Amino acid sequence: MTEPTLEVSSLLTVRDVERLARTMLPKSTVDYFRSGSDAEYTRRANRGAFRKWAIAYRVLVDVSRVDTRVRVLGQELASPILIAPTAYHRLAHPEGERATARAAGGSGTLYVASTLATTSLEDIAATYDAAGASAGGASVGGASRWFQLYVHKDRGLTRSLVERAEASGYGALVVTVDTPVLGRRLRDVRNAFGLPDGMHMANLFAPGDGIEAKDPAFRHAQIAARHDASFTWHDLASIRAWTRMPLVLKGIVRADDALRARDSGVAGIIVSNHGGRQLDSAVATLDALPSVVEALGAQAGVDVLLDGGVRWGTDVFKALALGARAVLVGRPIVWGLTAFGEAGVARVLDILRSELVHAMTLAGCPAIDAVTRDMLVRR
Ligand SMILES: Cc1cc2nc3c(=O)[nH]c(=O)nc-3n(C[C@H](O)[C@H](O)[C@H](O)COP(=O)(O)O)c2cc1C
Ligand SMILES: O=C(O)C(=O)c1ccccc1
């Protein structure tokens, strides 16, 4: 009866999961996963923005059933909580992205696979689908996994990533637009952070090709140096021409950029500042959300998602009330993966989802469309 500390069920909050995971990894890995850039104003501001809102709950509503289903890019999802793309899952757990994909596929959670995965996008796709099929999920066939693209100077490499993602049945292409160069994460510089030997960016390099021989810090630093800092709105059209996958732009925080995205024909945008890892002093995502939603208007046909600092079900509630269709979580997934592999990722998803149900129940919101702007007041 008494093995209290290391049972997955003893983890009650995302905070518990993070606390445990941080004891399990080398310092330089914890630093890489946790850090924001420079003074980390934005990493903290993302969390602080949630604290500025309070929920004006409604009473005497029938909340004996609470329905968290949402439509994202025309697809029905059981929950508005999605998995943000994060690099290097094998640093967190030996099974890496495969464990994440099994937890996501098994629970029907939308998983955005990173360009910088340590498992190939084909392998992630197959693992996700197999988990979905054995769970009897409706998500088999790719619509519930998306692929995140970094645009590289090497157009041929970029195009081949897009073509591989399409061939593997990914349901959307998420183009990250906040990383023309890498943000300066001071701890990574001081730790000379890099991928250990034997771990590699499986989508970008084959084992044994030249870059594998270079030292680990070099390998990590080289990655962002290969991003195309000259990429513009104009070039987006060429990516559209390469694929039939709907496009989602990740990293938008301005109303005018959101309008430009809509005019470029994208299906969705993610209000994101990369978890405070890119431009420090960037606006917190929850603070940026209302202006983006207002600019696009209700019938825009562009789904607005948000990430950055979502750690509680009430955070999800607040983002939805301010107009997000769904949210994504980054670091909490990595901590869950570290702590218990597939079961840890599943636990994090379960914690956030049940907290959201609990918040909706107590707030008198039996369905997502009841989570409206008037549910919030400024603290
Ligand atoms: C360790 C780590 C790696 C990340 N790698 C990527 C990536 O490869 N591609 C990308 O678009 N965003 C990446 N991000 C940003 C996340 O997609 C997301 O925007 C951010 O983590 C959300 O904030 P949260 O961690 O506070 O939930 C990464 C974030 C972290 C923390
Ligand atoms: O760490 C990150 O946030 C990330 O997205 C990234 C970008 C380029 C190289 C390595 C990681």
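For the structure itself, consult the block above.
Since this is a predicted model, take the numbers as computed values, not measurements.

Q: Can you lay out the overall build of the protein chain for me, pointing to particular residues and giving the numbers?
A: Regarding its fold elements, the protein chain presents 13 helices and twelve strands. The C-alpha atoms of the protein chain give a radius of gyration of 20 Å, which matches the 21 Å a tight globule of 379 residues would have. Counting only C-alpha atoms, the protein chain reaches 65 × 60 × 45 Å along its principal axes. In the protein chain, once contacts between residues fewer than 6 apart in sequence are set aside, the share between residues at least 24 apart is 75%. Accessible surface, the protein chain as shown: approximately 15,900 Å² in total, 53% of it carbon and sulfur.

Q: Break down the side chain of Thr158 for me, with residues and values.
A: Summarising the element assignment, Thr158 is placed in helix α6 (residues 155–167). Taking relative accessible area as the criterion, Thr158 reaches 1% and is therefore assigned buried. With near-sequence residues (within four places) excluded, Thr158 lies in contact with Leu149, Tyr150, Val151, His152 and Trp242.

Q: Requested: an account of the pattern of salt bridges, with residues and values cited.
A: In this structure the tally under the stated criterion is 23 salt bridges. Asp31 is the partner of Arg187 in a salt bridge, and the nearest nitrogen-oxygen pair spans 3.5 Å. Of the two residues, Arg187 sits in helix α7 (residues 186–191) while Asp31 sits in helix α2 (residues 27–34), which places them 156 residues apart along the sequence. The class for Arg187 is partly exposed, based on a relative accessible area of 40%. Take Asp31: its relative accessible area is 7%, and that puts it in the buried class.

Q: So what about the site of ligand 2? Which residues, and what values?
A: Residues in contact with ligand 2, as listed here, are Tyr32, Tyr88, Leu116, Tyr150, Leu182, Arg185, His220, Ile223, Ala224, His274 and Arg277. Taking His274, its side chain carries an N or O atom lying 2.9 Å from an oxygen atom of ligand 2. Bound to the protein, ligand 2 loses 94% of the 300 Å² it would expose on its own. Sort the elements by how many residues they give to the shell around ligand 2 and helix α8 (residues 216–225) lands first, with three residues. Each residue belonging to the shell around ligand 2 can be placed in one class, and the counts come to seven nonpolar, two polar and two charged.

Q: Tell me what's going on with the pairing of strand β7 (residues 173–176), and back it up with residues and numbers.
A: Side chains of β7 alternate between two faces, with Leu173 and Val175 and Val174 and Thr176 buried alike. Summarising the sheet, strand β6 (residues 145–149) and β7 pair through three bridges and their orientation is parallel. Each bridged residue has a counterpart across the sheet, and for Gln148 the counterpart in β7 is Val174. One crossover worth recording links β6 to the parallel β7 by way of α6, and it is right-handed. When β7 meets strand β8 (residues 247–252), the two strands line up parallel, connected through four bridges.

Q: A description of the packing of aromatic side chains should follow, citing residues and the corresponding values.
A: For the structure shown, the criterion picks out six aromatic pairs. Seen from their ring centres, Tyr32 and Phe33 are 5.6 Å apart, and the 50° between their planes marks the pair as tilted. Chaining the aromatic ring pairs together yields one cluster made of Tyr32, Phe33, Tyr88, Phe193 and Trp335. Over the aromatic face of Tyr170 sits the side chain of Arg145, whose NZ or CZ is 4.7 Å from the ring centroid. Over the face of the ring belonging to Tyr32 we find Arg277, whose NZ or CZ atom lies 4.9 Å from the ring centre.

Q: For empty space enclosed by the protein, give the residues involved together with the corresponding values.
A: Per the counting criterion, the structure on display carries one cavity of 30 Å³ or more. Empty space within the largest cavity amounts to approximately 490 Å³. Along the walls of the largest cavity sit 36 residues, with Pro85, Thr86, Ala87, His274 and Arg277 positioned nearest its centre. Of all the elements in the fold, those that place two or more residues in the lining of the largest cavity are α2, α8, β11 (326–329) and α13 (331–363). Residues of the lining of the largest cavity, tallied by class, amount to 16 nonpolar, 14 polar and six charged.

Q: Can you explain helix α4 (residues 96–107)? Please cite residues and give values.
A: The terminal C-alpha atoms of α4, which comprises twelve residues, lie 17 Å apart, in line with the 16 Å expected from a rise of 1.5 Å per residue. Buried within α4 are the following residues: Gly96, Glu97, Ala99, Thr100, Ala101, Ala103, Ala104 and Gly105. Of the surrounding elements, those touching the buried residues of α4 are β4 (81–83), β5 (111–113), α5 (121–134) and α13. Within two residues after α4, Gly108 carries a phi angle of roughly 65°, on the positive side.

Q: Please provide a residue-by-residue account of the packing of α6 against helix α9 (residues 233–242), values included.
A: Orientation of α6 relative to α9, taken along the N-to-C sense of each, is 40°, at an axis distance of 10 Å. Taken together, α6 and α9 sit at an angle that is classed as oblique. Every pair of crossing elements has a handedness; the one defined by α6 and α9 is right-handed. Between α6, through Arg155, Thr158, Arg159, Val162 and Glu166, and α9, the contact on the second element is made entirely by Asp235, Ser238 and Trp242. Residue composition of the contact of α6 with α9, by class: two nonpolar, two polar and four charged.

Criteria and thresholds
- Residues numbered from 1 in each chain as written.
- Chains lettered and ligands numbered in written order.
- Predicted model: local features only at pLDDT ≥ 70, side-chain atom pairs only at ≥ 80, totals over all residues.
- Heavy atoms only, no water.
- Helix = DSSP H or I, 4+ residues; strand = E, 2+ residues; numbered from the N terminus.
- Rg over C-alpha atoms; globule rule 2.2 N^0.38 Å.
- Contact = heavy atoms within 4.5 Å.
- Areas by Shrake-Rupley, 256 points an atom, 1.4 Å probe, with all protein chains shown as cover.
- Buried < 20%, exposed > 50% of the residue type's maximum accessible area, 1.4 Å probe, protein only.
- Salt bridge = Lys/Arg side-chain N within 4 Å of Asp/Glu carboxyl O.
- Near = heavy atom within 4 Å.
- Polar contact = N/O pair within 3.5 Å; in protein donor to acceptor, adjacent residues only side chain to side chain.
- Nonpolar A, V, L, I, M, F, W, Y, C, P; charged D, E, K, R; others polar.
- Pairing = 2+ DSSP bridges.
- Right-handed = clockwise from strand over helix to strand, strands pointing away.
- Phe/Tyr/Trp six-rings, centres within 6.5 Å; stacked < 30°, edge-to-face > 60°.
- Lys NZ or Arg CZ within 6 Å of the ring centre and 35° of its normal.
- 1 Å grid on protein atoms, 1.4 Å probe; cavity = no way out; pocket = protein on both sides within 12 Å on 5 of 7 lines; lining within 4 Å.
- Points joined across faces, edges and corners; volume = space filled by probe spheres on them.
- Expected span 1.5 Å × (residues − 1).
- Axes fitted to C-alpha atoms, helices over the stretch in contact; angles between N-to-C directions.
- Parallel < 35°, antiparallel > 145°, perpendicular 65-115°, else oblique.
- Left-handed = near helix turned anticlockwise from the far one by under 90°.

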